[in-house]
Amino acid sequence: LEGKLTAEAVGMHAARLLDARKDSGPVSLDLTAVTEADSAGVAMLSVFARDMGRTGRAVSLVGVSPELRRTLDLFPFPPDGKAPDRSGEAGLAERIGIAADDVRGVIVQYLVIVSDTAWFLVTGPFIRHGIRWDQVLYEMSAMGSRALGVVGLISFLVGATMALQSAEQLRQFGANIFVVDLIGISMTRELGPLMAAIVVAGRSGSAVAAEIGTMVITEEVDALKTMGLHPTRYLVVPKVLAITITQPLLTVLANMTGIIGGFLVGVLYLDIGPTSFIDRLMQTLQVKDVLTGLVKSVMFAQLIVTVGALCGFRTAGGADAVGRSTTTSVVAGIFSVIVADTLASLLFYF
């Protein structure tokens, strides 16, 4: 090939390469006389070498100048002109190893985020501008007050549904009053914290992942690093502080609305007097039950934000990657909350 290997001359060179396709055996392309090349010409060579490789014919390049080599490196040009060898694809054991290494990377990155967050939470109050309290107040509004309606409604319906489902069984034994025990203990120990955490994970955890993921895609996180601002301190710490304050309050709301739902079912359907319901609730419910739920709510809050932040920081690609990170944060957040609830139940009660 001689002269310019550019978009204007691609047609002429392609006609010469067509003649080479008609022959058999390996093909050698002498590029010593090529004076200029652009992406169009190099792409033509790459396609030609790939087509020849499919037929088992090797393509070699001769007389490649350093400038042309740099342009060739921009395209997937097979060094020997042959089609890529698929015999070396990863086997089962290797794929398992790759997956295990990926999991290790995720765990290490999550531990780094958690440790950085803990460090900045401890040292922030003693450093000037260590914690952005105005941002904490904004996040409390976004994660707390704006979630009151949905948390209260879902907990109310869950409490009423539990009372309705258990009423038929308890009525057979004349044990209607034990609906109070069921609703009070289950809501404060398990369902109140769990329902509030699941709602917040779907609502606020996804928002954390989407916000940080978008900042990663638009290189705003890189800009923060360039300005000397730690992304974890700037983005994650205010959210952790906000949800640590608001999540127990949402849990108290979930407990109250769930018990109110059971109260209405007990009074209107099971013929339990309002006074009897309240007296039985006061006798059955202990401070330990309420405190246990509040402690678990704080654990859930930390998991929701840190998992969402992890998914956000791991975002890579475009707008579709932000969507995948958001979906992953919801699934991983709810899963981690349920696992933590199981471990906490084993710790507190067994």
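Basis of the calculations
- Residues numbered from 1 in each chain as written.
- Predicted model: local features only at pLDDT ≥ 70, side-chain atom pairs only at ≥ 80, totals over all residues.
- Heavy atoms only, no water.
- Helix = DSSP H or I, 4+ residues; strand = E, 2+ residues; numbered from the N terminus.
- Rg over C-alpha atoms; globule rule 2.2 N^0.38 Å.
- Buried < 20%, exposed > 50% of the residue type's maximum accessible area, 1.4 Å probe, protein only.
- Contact = heavy atoms within 4.5 Å.
- Areas by Shrake-Rupley, 256 points an atom, 1.4 Å probe, with all protein chains shown as cover.
- Lys, Arg positive; Asp, Glu negative; His and termini not counted.
- Charge placed at Lys NZ, Arg CZ, Asp CG, Glu CD.
- Expected span 1.5 Å × (residues − 1).
- Core = buried A, V, L, I, M, F, W, Y, C linked by side-chain atoms within 4.5 Å.
- pLDDT = per-residue confidence, 0-100.
- Salt bridge = Lys/Arg side-chain N within 4 Å of Asp/Glu carboxyl O.
- Axes fitted to C-alpha atoms, helices over the stretch in contact; angles between N-to-C directions.
- Left-handed = near helix turned anticlockwise from the far one by under 90°.
- Nonpolar A, V, L, I, M, F, W, Y, C, P; charged D, E, K, R; others polar.

### Comments concerning the overall build of the chain
Counting its secondary structure elements, the chain contains twelve helices and four strands. Rg of the C-alpha trace for the chain: 32 Å, well past the compact-globule value of 20 Å for 350 residues, more than 25% over. Projected onto its principal axes, the C-alpha coordinates of the chain cover approximately 100 × 55 × 35 Å. Split into buried and exposed, the 350 residues of the chain put 41% on the buried side. For the chain, long-range pairs separated by at least 24 residues make up 84% of all intrachain contacts whose partners lie at least 6 apart in sequence. When the accessible surface of the chain is summed, it comes to about 18,500 Å², and 65% of that surface belongs to carbon and sulfur atoms. Positive and negative charge centroids in the chain, built from 27 and 31 side chains respectively, lie 1 Å apart.

### Notes on the side chain of His-13
Considering the arrangement of structural elements, one finds His-13 in helix H1 (residues 10–22). Sequence-distant contacts of His-13, defined by excluding residues within four places in its chain, comprise Leu-1, Glu-2, Lys-4, Leu-5 and Met-44.

### What about helix H4 (residues 92–123)?
Helix length check: H4, at 32 residues, gives a terminal C-alpha distance of 47 Å against a target of 46 Å (1.5 Å per residue), a fit within 8%. When H4 is considered as a whole, its buried residues turn out to be Ile-113, Thr-117, Phe-120 and Thr-123. On the buried face of H4, the contacting elements are helix H9 (231–268) and helix H11 (287–313).

### Here we look at the nonpolar core
Of all hydrophobic cores here, the largest spans 31 residues; its most connected members are Val-151, Ile-212, Leu-235, Val-236, Ile-243, Ile-304 and Phe-313. Taken together, the elements giving at least two residues each to this core come down to helix H7 (178–217), helix H8 (220–226), H9, H11 and helix H12 (319–349). It is H7 that provides the largest number of residues to this core, a total of nine residues.

### Here's the deal with the environment of Leu-31
Tracing the backbone shows Leu-31 in the loop between strand S2 (27–30) and strand S3 (33–37). Given a relative accessible area of 2%, Leu-31 falls into the buried group. Look past the residues within four positions of Leu-31 in its chain and what remains in contact with it is Leu-1, Leu-45, Leu-61, Val-62, Gly-63, Val-64 and Leu-68.

### Digging into the confidence of the model for the chain
Detailed reading of the predicted model is not advised wherever pLDDT is low. Considering every residue of the chain, the mean pLDDT works out to 86; 95% of them sit at 70 or more. Every residue in residues 79–83 is under pLDDT 50, and counting partners more than four places away or in other chains gives twelve contacts.

### Some words on the pattern of salt bridges
Under the criterion given, the structure shown has nine salt bridges. Between Glu-139 and Lys-239 there is a salt bridge whose closest N-O contact spans 2.8 Å. Remark: Lys-239 occurs in helix H9 and Glu-139 occurs in helix H5 (residues 133–143); sequence separation between them is 100 residues. Note on Glu-139: relative accessible area 6%, which makes it buried. Since its relative accessible area comes to 2%, Lys-239 is described here as buried.

### A few points about the packing of H7 against H12
Their axes nearest at 8 Å, the elements H7 and H12 cross at an angle of 145 degrees. Classified by chirality, the crossing of H12 by H7 is right-handed. The residue makeup of the contact of H7 with H12, split by class, is 13 nonpolar, ten polar and three charged.

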